[in-house]
Amino acid sequence: MSSALAIDNLDIWRTQLGLMPVPLFGQQNERRHVLLNGGKGNFCLDLTGDAHDHGAERDRAWSADVGHYVKVDRDTVRVWRWDQSSAETYTRGLVADNIVKFQTYLEERQPSKTSSVVSHFMSIYRQVRTMLGEQVTGPEALQAFLYLLASADEGQNGAVTRIDWSKLPRAQELAGSLSDLQRDGLREDMIRVRPGDQLKPIIPLVLRHASGRLFQEAHYLVELDPQLSFFGASEAKKVGRDSASGAFFTPSPLVRTVVEEALKAQPPINADITVLDPACGSAEFLREALRQLQMRGHTHRVKLVGWDISPAALAMARFVLDWERSQSNLDVEVVLEQQDALRLDSWNIGARLILMNPPFISWQGMGDAQKQRLTDRLGALASKRPDYASAFFYNAVNALPNGGVIGAVLPASLLDGESYVELRNTIAAEVKPHLIARLGSHTVFADAVVDAGLYVGVRGQLDRPPLAVWSNHKADSSARALRRLRSITPQTVKGYVADNGDFSVYAAEHLGQDGRSWAPRSYTAYRLLQEIHGLPLAKTLFDVSQGTITGLNSVYLVSREYAENLPKGERKYFRPAVVNNSIVDGVLNDTTYVFYPHGKGLEIDSEEMLLKKLKVFAADRLLPNKVALRKRSRIKPDQWWVLSLPRQRLDAVGPKILSTYFGGSGSFAWDPDGRYIPIQGYGWAPKTAEIAGCEEAYVALLNHPLTDILLSGVSNNLSGGQWNLSERYVNQLPLPKLLPDAPITETLIGMGSALNSGESPDRDLWTRAVYQAYGLKLQA
Ligand SMILES: C[S@@+](CC[C@H](N)C(=O)[O-])C[C@H]1O[C@@H](n2cnc3c(N)ncnc32)[C@H](O)[C@@H]1O
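These numbers were taken from a predicted model, which means no experiment stands behind them.

Conventions adopted
Residues numbered from 1 in each chain as written. Predicted model: local features only at pLDDT ≥ 70, side-chain atom pairs only at ≥ 80, totals over all residues. Heavy atoms only, no water. Pairing = 2+ DSSP bridges. Helix = DSSP H or I, 4+ residues; strand = E, 2+ residues; numbered from the N terminus. Axes fitted to C-alpha atoms, helices over the stretch in contact; angles between N-to-C directions. Buried < 20%, exposed > 50% of the residue type's maximum accessible area, 1.4 Å probe, protein only. Polar contact = N/O pair within 3.5 Å; in protein donor to acceptor, adjacent residues only side chain to side chain. Core = buried A, V, L, I, M, F, W, Y, C linked by side-chain atoms within 4.5 Å. Contact = heavy atoms within 4.5 Å. Domains from an automatic or database assignment. Buried area = accessible area lost by both parts, 1.4 Å probe. Salt bridge = Lys/Arg side-chain N within 4 Å of Asp/Glu carboxyl O. Nonpolar A, V, L, I, M, F, W, Y, C, P; charged D, E, K, R; others polar. Patch = residues over 30% accessible without salt bridge, like charges linked within 9 Å, V, L, I, M, F, W, Y side chains within 5 Å. Areas by Shrake-Rupley, 256 points an atom, 1.4 Å probe, with all protein chains shown as cover. Lys, Arg positive; Asp, Glu negative; His and termini not counted. Charge placed at Lys NZ, Arg CZ, Asp CG, Glu CD. Parallel < 35°, antiparallel > 145°, perpendicular 65-115°, else oblique. 1 Å grid on protein atoms, 1.4 Å probe; cavity = no way out; pocket = protein on both sides within 12 Å on 5 of 7 lines; lining within 4 Å. Points joined across faces, edges and corners; volume = space filled by probe spheres on them. Right-handed = clockwise from strand over helix to strand, strands pointing away. Expected span 1.5 Å × (residues − 1).

Draft legend 1. Expanded view of the sheet that holds strand S25 (residues 668–671). Read across the sheet, four strands follow the order S17-S27-S23-S25 without closing on themselves; strand pairing throughout is antiparallel. On the outer flanks of this sheet lie strand S17 (542–546) and S25, each paired with one strand and no other. When strand polarity is set aside, the average angle formed by the axes of neighbouring strands in this sheet is 30°. Here strand S23 (residues 656–660) pairs with S25 via four bridges, running antiparallel. Its bridge partner lying in S25, Lys 656 is registered against Asp 671.

Draft legend 2. The arrangement of the side chain of Arg 521 in detail. Relative to the helices and strands, Arg 521 resides in the loop between strand S16 (503–507) and helix H19 (523–531). Arg 521 sits in the buried class, given a relative accessible area of 8%. For Arg 521, the side chain forms a polar contact with the side chain of Asn 716, separated by 3.2 Å.

Draft legend 3. Representation of the nonpolar core within the structure. Ranked by size, the top nonpolar core spans 110 residues in total, and within it Phe 121, Phe 145 and Met 190 carry the most contacts. Excluding its chain neighbours within four sequence positions, the residues that come into contact with Met 190 are Phe 121, Ile 124, Phe 145, Leu 148, Leu 149, Ala 152, Pro 201 and Ile 203. Core analysis: the next-biggest nonpolar cluster, separate from the first, contains 45 residues, Ile 361, Ala 391, Tyr 455 and Ala 519 among them.

Draft legend 4. Main features of the domain arrangement of the protein. Segmenting the protein into domains produces domain 1 (2–111), domain 2 (115–240), domain 3 (252–520) and domain 4 (542–602 + 641–774). Of note, the centres of domain 1 and domain 3, computed from C-alpha atoms alone, are 31 Å apart. Opposite the 15 residues of domain 1 that make contact, domain 3 presents 12 residues. Carbon and sulfur atoms make up 54% of the area that domain 1 and domain 3 hide from each other, which totals about 1,000 Å². When residues of domain 1 are sorted by the area they lose upon contact with domain 3, Gly 18, Met 20 and Asn 37 head the list and together hold 40% of the total. The salt bridge partner of Glu 107 is Arg 483, with a shortest N-O separation of 3.7 Å. Linking domain 1 with domain 3 are one residue pair in polar contact (both at pLDDT 80 or more), by the criterion used here. Taken together, the elements giving at least two residues each to the side of domain 1 that touches domain 3 come down to strand S1 (20–23) and helix H4 (99–108). Residues that form the side of domain 1 that touches domain 3 fall into these classes: eight nonpolar, six polar and one charged.

Draft legend 5. Expanded view of the pattern of salt bridges. According to the stated counting rule, one finds 38 salt bridges in the structure shown. For Asp 340, the salt bridge is made with Arg 343, and the minimal N-O distance between the two is 3.8 Å. Residue classification places Asp 340 among the buried residues on the basis of a relative accessible area of 18%. Arg 343 gets classed as exposed once you look at its relative accessible area, which sits at 58%. If you follow the salt bridges from partner to partner, you end up with Arg 32, Asp 46, Asp 53 and Arg 60 in one network.

Draft legend 6. Examining a positive patch on the surface more closely. The grouping of Lys 568, Arg 571, Lys 572, Lys 612 and Lys 613 at the surface amounts to a positive patch. Secondary structure elements with two or more residues in the positive patch: helix H23 (568–571) and helix H24 (607–613). Inspection of the secondary structure puts Lys 612 in helix H24. When its relative accessible area of 72% is taken as the criterion, Lys 612 is described as exposed.

Draft legend 7. Broad picture of the side chain of Asn 716. Mapping Asn 716 onto the fold places it in the loop between helix H29 (706–714) and strand S28 (723–724). Side chain to side chain, Asn 716 and Asp 416 meet in a polar contact 3.3 Å long. A distance of 3.2 Å separates polar atoms of two side chains, one belonging to Asn 716 and the other to Tyr 729. In this view, Asn 716 contacts Asp 416, Arg 438, Arg 521, Gln 722, Trp 723, Asn 724 and Tyr 729; residues no more than four positions away in its chain are not counted.

Draft legend 8. Molecular detail of the sheet that holds strand S6 (residues 88–91). Spatially, the six strands line up as an open sheet ordered S1-S2-S3-S4-S5-S6, and their pairing is mixed. Each edge of the open sheet is held by one strand with a lone partner, namely S1 and S6. When strand polarity is set aside, the average angle formed by the axes of neighbouring strands in this sheet is 25°. Of the strand pairs in this sheet, strand S3 (residues 43–46) and strand S4 (residues 68–72) are connected by four bridges, and their pairing is parallel. Among the inter-strand pairings, Cys 44 is bridged to a residue of S4, identified as Tyr 69.

Draft legend 9. Layout of the packing of H19 against H29. Running from N to C, H19 and H29 cross one another at 95°; their axes reach a closest spacing of 8 Å. With respect to H29, the axis of H19 lies roughly perpendicular. Here H19 contributes Thr 524, Ala 525, Leu 528 and Leu 529 to the contact with H29, which in turn contributes Leu 706, Ile 709, Leu 710, Ser 712 and Gly 713.

Draft legend 10. Up close: unusual backbone geometry. If you check the backbone angles, Asp 65 has positive phi at about 60° while not being a glycine. Turning to its location among the elements, Asp 65 is positioned in the loop between helix H2 (57–63) and S4. With a phi close to 55°, Lys 384 is a non-glycine residue in the positive phi region. Residue classification places Lys 384 among the exposed positions, given a relative accessible area of 62%.

Draft legend 11. Quick look at the layout of surface pockets. Approximately 1,200 Å³ is the volume found for the second largest pocket. Taken together, 35 residues make up the lining of the second largest pocket; nearest its centre are Arg 516, Ser 517, Leu 529, Gly 713 and Val 714. Elements with a contribution of two residues or more to the lining of the second largest pocket: helix H17 (421–430), H19, H29 and helix H30 (727–730). No other element matches H19, which puts three residues into the lining of the second largest pocket. Residues of the lining of the second largest pocket, tallied by class, amount to 16 nonpolar, 11 polar and eight charged. Composition of the lining of the second largest pocket by domain shows at least three residues from each of domain 3 (252–520) and domain 4 (542–602 + 641–774).

Draft legend 12. Molecular detail of the environment of Gly 547. Here Gly 547 shows up in the loop between S17 and helix H21 (553–556). For the pair Gly 547 and Tyr 661, spaced 114 residues apart in the sequence, the C-alpha separation amounts to 9.2 Å. Dropping the residues within four chain positions of it, Gly 547 is found in contact with Arg 647, Leu 650, Pro 678 and Gly 681.

Draft legend 13. Quick peek at the pairing of strand S7 (residues 273–277). Within S7, five of the five residues are buried, leaving the element largely enclosed by the surrounding structure. On S7, burial covers both faces: Ile 273, Val 275 and Asp 277 on one face and Thr 274 and Leu 276 on the other are all buried. In terms of handedness, the path from S7 via helix H12 (residues 284–295) over to strand S8 (residues 302–308) forms a crossover that is right-handed. Of the strand pairs in this sheet, S7 and strand S10 (residues 353–356) are connected by two bridges, and their pairing is parallel. Across the sheet, the residue bridging to Leu 276 is Ile 354, located in S10.

Draft legend 14. Up close: helix H32 (residues 763–774). With 12 residues, H32 extends 17 Å between its outermost C-alpha atoms, agreeing within 8% with the 16 Å of an ideal straight helix rising 1.5 Å per residue. Taken together, the buried positions of H32 are Trp 766, Thr 767, Ala 769, Val 770, Tyr 771, Ala 773 and Tyr 774. Elements that come into contact with the buried residues of H32 comprise helix H28 (695–702), H29 and helix H31 (743–756). Following H32 by one or two positions, Gly 775 has its phi on the positive side, about 75°.

See the structure below:
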């Protein structure tokens, strides 16, 4: 019963809410902690019970970059939000009885980020840059900023004495080049009470809890011209975040989870340990590893090795790790090197722990040298167009000693992409997964839209199945799934299932054991796929083909009204098109048309003929866009009006099932006359004569909500939740083989035909028929 919850016990907060406590000031036996949740809802928890210690609560929360300061006293719980001057007081019993609601309440009442401690220090960094002028580069100005920041830590043995400045050679000199007045002004801004909201920065807390985010923000600004600072941070971010080095940063909840799980994956290491991050950025992984090793009672020597190509990242890493080391009671060695990790022949430095969020760079985004290095590293495993991160993954696995652990953030495509089958196969032979996660929210990385996965594995054998972690597209699903992990131990993994519509965490016996997809799916989909295992896959029954590519939809796609108003002779060049809103609830509409001068004697051989046959359309749409149309790839300059890639083979199929490009159940329709040209969509033509004539029955199956569950088992979603219906995914959908004269086929054909004409079949009968076709039992 929750009423008995002793909320003055830190463990209650950890176990009941899955929060991770980190000592506020980093001292032993401290009774003040920062409780880390996920992206939001982190707070300070003060269990000192010290009635005389008051006045600095808001400053502490603000400086530690969390929303609230919560103080548990004998009878009350007081809550300060840093942007509000007074505390709210609750009875202790009320909070103890409603601890989950209390957490949600904190999560939902976050102060605005615009006045956060990170924004405050970023504005100071921008001042430093402007003061130093354009001749000083971004990374150099950062060194000066770090020096000023460390100097502002006034306490005994302040931060400035704890950093090895010889590794940041321009820091002191550039800070010294500012006038006394400038330096004093900057220092004042770093330590004094802010006039507006009366908040005072506490530098040790900023360094301990906010430096990760602070340095990430700084890094985005580092590469920019100082002029850009006048536009403010949000403008600058757009420029800074999309670099060809794949340098977006890892949000703290992900770093924390990867490190926690990597340390859980193997029994504690009672020996000296080397930890490597081959693309360390500002060393968030290395710092977290040191913190967590210490919190777990590690007593031996720790060597932290970080490589990165970016000098600015290394400057921050140097600062972060020197500072962290100075706070740690462990014997810590830090080795940071500017390295292109893929140029190194071997990563074999005896690291038992390799932690990383390597650069994600698509093949198209790489320069020639990067492509070359990647293919050299992957050797025979390089297939099609791999992501840069795949070579980091492969190298890391090869460098692990037996029993060593890898914890990595990876592009989700690596988990299920066809180009990585051999790579997965090879890695699976060496490393056994402890955890594989696929995070459905594409905004896991605050500002980069990235489809990410996590992999934690051990070289050698493991005596338990891996944990599969899946979350859907909703904003907080990933954080909730990751929080759930905190209560699972290697001993409780076997048979573990936590399933909620938005995320699942479960033991998945066969996951990550060979080259097949490693992408975890929702538990419901996982179970359903197991239940209908053995049914043919869509690819054996249908030829699913991508539709026509026009090369410039804004020119070629027109509304039905537009097409109807063209002169009669021109109308025959237009066909109804399938675009993303052409199929709604299984009903096909022809509100969009496409210019289609292909097949049926409609070819246009010369510009002269074009102008003659399509006087109106050519004058209205084609000629004004001639330059852009000629620039399309695959186009011959003397045939600039044709579509980039018409799919005449698909068109020649005639009647076919159509789907949109993105969607789910409700996105499939039957085109009995073969009139439609899929543009943002796909055509499904039977591969075998056995099922010919049953297409409408398949339409009834595909439009049923069960398809959404199956799609969640084989496809990936967009940020809005729609499934990708490309052939590479839907080919894996299990489908029953429906034969024309079977009664169930007849029933389903009736339903498919009703659906296509806009009538909904009786829901229960429809479900019963679909389940029967799949051979599934309906739960009462
Ligand atoms: C996605 S970031 C992650 C950094 C760090 N883990 C973090 O979260 O702050 C990738 C990092 O890889 C670095 N990088 C890119 N290419 C590299 C290479 N070839 N060798 C080493 N580091 C590289 C970038 O400079 C960037 O700091």
